[in-house]
Amino acid sequence: MLWFSKKWILSSFILLINLGCINKNVADDAIMLSVINQLNTSEDFYQSREYNSCVVSADTTNGRLSVCFQLKEADCSLKFFSRISTDSILQKRKDDLTFISLNYTNCSSSVGTLGAKYNAMSIPASIVLQDYFKINGNIDAKMISFTNVESCGSVGLLVSKYVPVNFSSLLDSSGLQSIDGLESELALITTTTNACINDLSFQPAFLPTIQSLRDGSIQRGIVCSHTAIPGYQICPWLE
């Protein structure tokens, strides 16, 4: 078994940058996070570790953002997030939203917001990625990077500056899948009223999750920025 010290890893990484072996591009996020994760967790570069979280990075109109999700290694991919994968899925959501707008007047304040999201989408699309990065569709793998990490805490994101004061947990992969649907998307819009949520007839056991997402105690992901962007904290590995 080969063994490398933290000092050796860090110095080698710096040497690679200085020699020009690592160019400035999207892949830098994955390289930097991978090195930080090794330095923070192990003296043995080759030890077997379990990855329980996923850092997703992409450019927005205001600058580059990263979001950490509690996802297993196998789910840290574009396929997992691109839940609206066909035109028929998108059209069904539009049709269902039209039905809600005609039959549930309590939901009128947020129907237009969700409708605008759907109308801006093209396939494949993701409500989650759209909410964080404003990516409407035609998501190209070159636009976005996915990096497996041990946990969102291992890269420094489970501290008070990145999460609300009432934060308790992140949704895992099954939790993120459970909110993949029109009703949940509508309920998570801030202008949606409790009367509308009652009309949507969620299963009683699922209502606490919806309410916790709305009040911030449960989060889909933890976001940070690569540069100074109002409303965001700089990612800890870039400070």
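Our subject is the structure listed above.
Described in the following lines is the structure provided in the data block.

## Observations concerning the overall build of the protein chain
- Scanning the protein chain from terminus to terminus reveals ten helices and six strands.
- The proportion of buried residues among the 239 residues of the protein chain is 43%.
- If you take every contact in the protein chain between residues at least 6 apart in sequence, the share linking residues at least 24 apart comes to 66%.
- As displayed, the protein chain has an accessible area near 12400 Å², and 54% of this comes from carbon and sulfur atoms.

## Observations regarding the packing of helix H4 (residues 87–103) against helix H5 (residues 108–120)
- Packing of H4 against H5 leaves a shortest axis separation of 10 Å and a crossing angle of 160°. Classed by the angle they form, the pair H4 and H5 counts as roughly antiparallel. As H4 packs across H5, the resulting crossing turns out to be left-handed. Residues Leu90, Arg93, Lys94, Leu97, Ile100 and Ser101 of H4 lie in contact with H5, whose contacting residues are Val111, Leu114, Gly115, Tyr118 and Asn119.
- Taken together, the residues that form the contact of H4 with H5 break down as six nonpolar, three polar and two charged.

## What to know about the environment of Ser154
- In this structure, Ser154 sits in the loop between strand S3 (144–149) and strand S4 (169–170).
- Its relative accessible area of 13% is what places Ser154 among the buried residues.
- At 2.7 Å, the side chain of Ser154 and the backbone oxygen of Ser151 are in polar contact.

## Observations concerning the nonpolar core
- The biggest cluster of nonpolar side chains holds 44 residues, and the ones touching the most others in it are Val56, Phe69, Phe81, Leu114, Tyr118, Phe133 and Leu186.
- Once you skip the residues sitting within four places of it in the chain, Phe133 turns out to touch Val56, Ser57, Ala58, Asp59, Thr60, Leu65, Val67 and Ile144.
- Of all hydrophobic cores here, the second largest spans 13 residues; its members include Val149, Cys152, Tyr162 and Cys235.

## Structural notes on the sheet that holds strand S6 (residues 222–225)
- Read from one edge of the open sheet, four strands run S3-S1-S2-S6, paired in antiparallel fashion. Each edge of the sheet is formed by a strand with only one pairing partner; in this case those strands are S3 and S6. Along the sheet, successive strands turn relative to each other by an average axial angle of 20°, direction set aside.
- Pairing geometry for strand S1 (residues 53–59) and strand S2 (residues 64–69), over six bridges, is antiparallel. From the neighbouring strand, Ala58 faces S2, where its bridge partner is Leu65.

## A word on the pattern of salt bridges
- Tallied over the full model, the rule gives nine salt bridges.
- With a shortest N-O distance of 2.7 Å, Glu239 and Lys161 are connected by a salt bridge. One end of the pair, Glu239, is in the segment after S6; the other, Lys161, is in the loop between S3 and S4, with 78 residues separating them in the sequence.
- Looking at Lys161, the relative accessible area reads 37%, which means it is partly exposed.
- Within this structure, Arg83, Arg93, Asp180 and Glu185 form a network of salt bridges that share partners.

## Quick look at the side chain of Ser173
- Residue placement: Ser173 occurs in helix H7 (residues 173–178).
- Relative accessible area serves as the criterion here: at 17%, Ser173 is assigned to the buried category.
- In this structure, Ser173 is in contact with Gln70, Leu71, Asp75 and Phe80, ignoring residues within four places of it in sequence.

## What about the packing of aromatic side chains?
- Applying the stated rule across the entire model yields six aromatic pairs.
- Aromatic ring contacts, followed pair by pair, group Phe69, Phe80, Phe81, Tyr132 and Phe146 into a single cluster.
- For the cation-ring pair, Arg83 lies above Phe80, with the distance from its terminal atom to the ring centre recorded as 5.5 Å.

Cut-offs applied
- Residues numbered from 1 in each chain as written.
- Predicted model: local features only at pLDDT ≥ 70, side-chain atom pairs only at ≥ 80, totals over all residues.
- Heavy atoms only, no water.
- Helix = DSSP H or I, 4+ residues; strand = E, 2+ residues; numbered from the N terminus.
- Buried < 20%, exposed > 50% of the residue type's maximum accessible area, 1.4 Å probe, protein only.
- Contact = heavy atoms within 4.5 Å.
- Areas by Shrake-Rupley, 256 points an atom, 1.4 Å probe, with all protein chains shown as cover.
- Axes fitted to C-alpha atoms, helices over the stretch in contact; angles between N-to-C directions.
- Parallel < 35°, antiparallel > 145°, perpendicular 65-115°, else oblique.
- Left-handed = near helix turned anticlockwise from the far one by under 90°.
- Nonpolar A, V, L, I, M, F, W, Y, C, P; charged D, E, K, R; others polar.
- Polar contact = N/O pair within 3.5 Å; in protein donor to acceptor, adjacent residues only side chain to side chain.
- Core = buried A, V, L, I, M, F, W, Y, C linked by side-chain atoms within 4.5 Å.
- Pairing = 2+ DSSP bridges.
- Salt bridge = Lys/Arg side-chain N within 4 Å of Asp/Glu carboxyl O.
- Phe/Tyr/Trp six-rings, centres within 6.5 Å; stacked < 30°, edge-to-face > 60°.
- Lys NZ or Arg CZ within 6 Å of the ring centre and 35° of its normal.

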